[in-house]
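Examination of the molecular architecture
The residues making up each chain are set out below.
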Amino acid sequence: MTSNERVVVIGTGLAGVRLARRLGELGTPASLIGEEEHRPYNRVLLAEVLAGRYSPEVIALPAPAELRRGRVTGIDRAERTVTCADGSVIAYDRLVLATGSNPVLPPLRGLFTEDHQLPEGVHAFRTMDDCLGLSKAVRPGVKAVVIGGGLLGVSA
Ligand SMILES: Cc1cc2nc3c(=O)[nH]c(=O)nc-3n(C[C@H](O)[C@H](O)[C@H](O)COP(=O)(O)OP(=O)(O)OC[C@H]3O[C@@H](n4cnc5c(N)ncnc54)[C@H](O)[C@@H]3O)c2cc1C
């Protein structure tokens, strides 16, 4: 990779942010594109935010200078461009997909609304938005049921 190549990294999780920062240090600044509204953060520490031990600012990641907010909706490999939901088109020489994963939502009857969304009062636990939504919903006197007894379920 040379310093005048345009590198575009999709995904502002730990992987995307660390890669973009490292490329910047090596003299190849990368454009980082992420769909989440929040400043990039360390997802691994979300349970601490949910527990009230850390504020969201504490788990923010130092982001590289070239950070764009938006959801990438298309890639044109022939033209070497990506398109974002707002219609903007970004050219690249090298493209990195650091788009992580989605929570597995079990196919339980009654879990989803007709348009396949989670109904009010049901939350996944994956993003800062999930975490803030859960923090708001859970207060003394509210009964919560956690489905999933792995690391995240137990810590939640
Ligand atoms: C509460 C919690 C605790 C965890 N603890 C651990 C742990 O202790 N150890 C461990 O190894 N793992 C842990 N994990 C798993 C953790 O998610 C991953 O290890 C880590 O976050 C993966 O980082 P990533 O950058 O690959 O992906 P992600 O963190 O998933 O980041 C991907 C980003 O890409 C964005 N994105 C996706 N598609 C698009 C698109 N089309 N356009 C723009 N942006 C897009 C997503 O919105 C997201 O912000 C934990 C997960 C959670 C939720």
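A brief structural summary. If you're wondering where the values come from, they're calculated on a predicted model, not measured in any experiment.

The next point concerns the overall build of the protein chain. Summing up its helical and strand segments, the protein chain has four helices and seven strands in all. By principal-axis analysis of the C-alpha atoms, the protein chain measures approximately 60 × 35 × 25 Å. Among the 156 residues that make up the protein chain, the fraction classed as buried is 29%. By sequence separation, contacts in the protein chain at least 24 residues apart represent 50% of the contacts at least 6 residues apart. Looking at the protein chain as shown, the accessible area adds up to about 10,600 Å², and 52% of this sits on carbon and sulfur atoms. Between the centroid of the 18 positive side chains of the protein chain and the centroid of its 17 negative side chains there is a distance of 6 Å.

Turning our attention to empty space enclosed by the protein. Summed over all chains, the structure comprises one cavity of 30 Å³ or more. As for the largest cavity, its lining consists of Thr12, Gly13, Glu36, His38, Arg39, Pro40, Tyr41 and Arg43. Here the lining of the largest cavity is built from residues that sort into two nonpolar, three polar and three charged.

As a further point, take the environment of Leu97. Along the chain, Leu97 turns up in strand E7 (residues 94-97). A C-alpha to C-alpha distance of 27 Å links Leu97 and Gly150, two positions 53 residues apart in sequence.

A word on the sheet that holds strand E5 (residues 81-84). Pairing is antiparallel in the open sheet, where three strands are placed in the order E4-E5-E6. Among the strands making up the open sheet, the edge pair consists of strand E4 (72-76) and strand E6 (89-91). The average angle at which neighbouring strand axes cross in this sheet is 25 degrees, direction not considered. Pairing of E5 with E6, which is carried by three bridges, proceeds in the antiparallel orientation. Residue Val82 lies in a different strand from E6, and its bridge partner there is Ile90.

Another aspect to go through is the side chain of Asp130. Positionally, Asp130 belongs in helix H3 (residues 128-137). Here the side chain of Asp130 touches Arg126 through a polar contact of 2.9 Å, landing on its backbone nitrogen. Those residues in contact with Asp130 that sit more than four places away from it in its chain are His123, Ala124 and Phe125.

Counting buried positions along strand E2 (residues 30-34) gives five out of five residues, so the element sits mostly inside the fold. Here E2 shows two buried faces, one formed by Ala30, Leu32 and Gly34 and the other by Ser31 and Ile33. Of the pairings in the sheet, the one linking strand E1 (residues 7-10) to E2 comprises four bridges and is parallel in character. Among the inter-strand pairings, Val7 is bridged to a residue of E2, identified as Ala30. Handedness of the crossover is the feature at issue here: the chain leaves E1, passes through helix H1 (residues 14-25), returns alongside E2, and the resulting connection is right-handed. Note that E2 and strand E3 (residues 67-69) share three bridges and pair parallel. The residue bridging Leu32 from the neighbouring strand is Leu67, located in E3.

Cut-off values and rules
- Residues numbered from 1 in each chain as written.
- Predicted model: local features only at pLDDT ≥ 70, side-chain atom pairs only at ≥ 80, totals over all residues.
- Heavy atoms only, no water.
- Helix = DSSP H or I, 4+ residues; strand = E, 2+ residues; numbered from the N terminus.
- Buried < 20%, exposed > 50% of the residue type's maximum accessible area, 1.4 Å probe, protein only.
- Contact = heavy atoms within 4.5 Å.
- Areas by Shrake-Rupley, 256 points an atom, 1.4 Å probe, with all protein chains shown as cover.
- Lys, Arg positive; Asp, Glu negative; His and termini not counted.
- Charge placed at Lys NZ, Arg CZ, Asp CG, Glu CD.
- 1 Å grid on protein atoms, 1.4 Å probe; cavity = no way out; pocket = protein on both sides within 12 Å on 5 of 7 lines; lining within 4 Å.
- Points joined across faces, edges and corners; volume = space filled by probe spheres on them.
- Nonpolar A, V, L, I, M, F, W, Y, C, P; charged D, E, K, R; others polar.
- Pairing = 2+ DSSP bridges.
- Axes fitted to C-alpha atoms, helices over the stretch in contact; angles between N-to-C directions.
- Polar contact = N/O pair within 3.5 Å; in protein donor to acceptor, adjacent residues only side chain to side chain.
- Right-handed = clockwise from strand over helix to strand, strands pointing away.

That is the geometry; function is a separate question.
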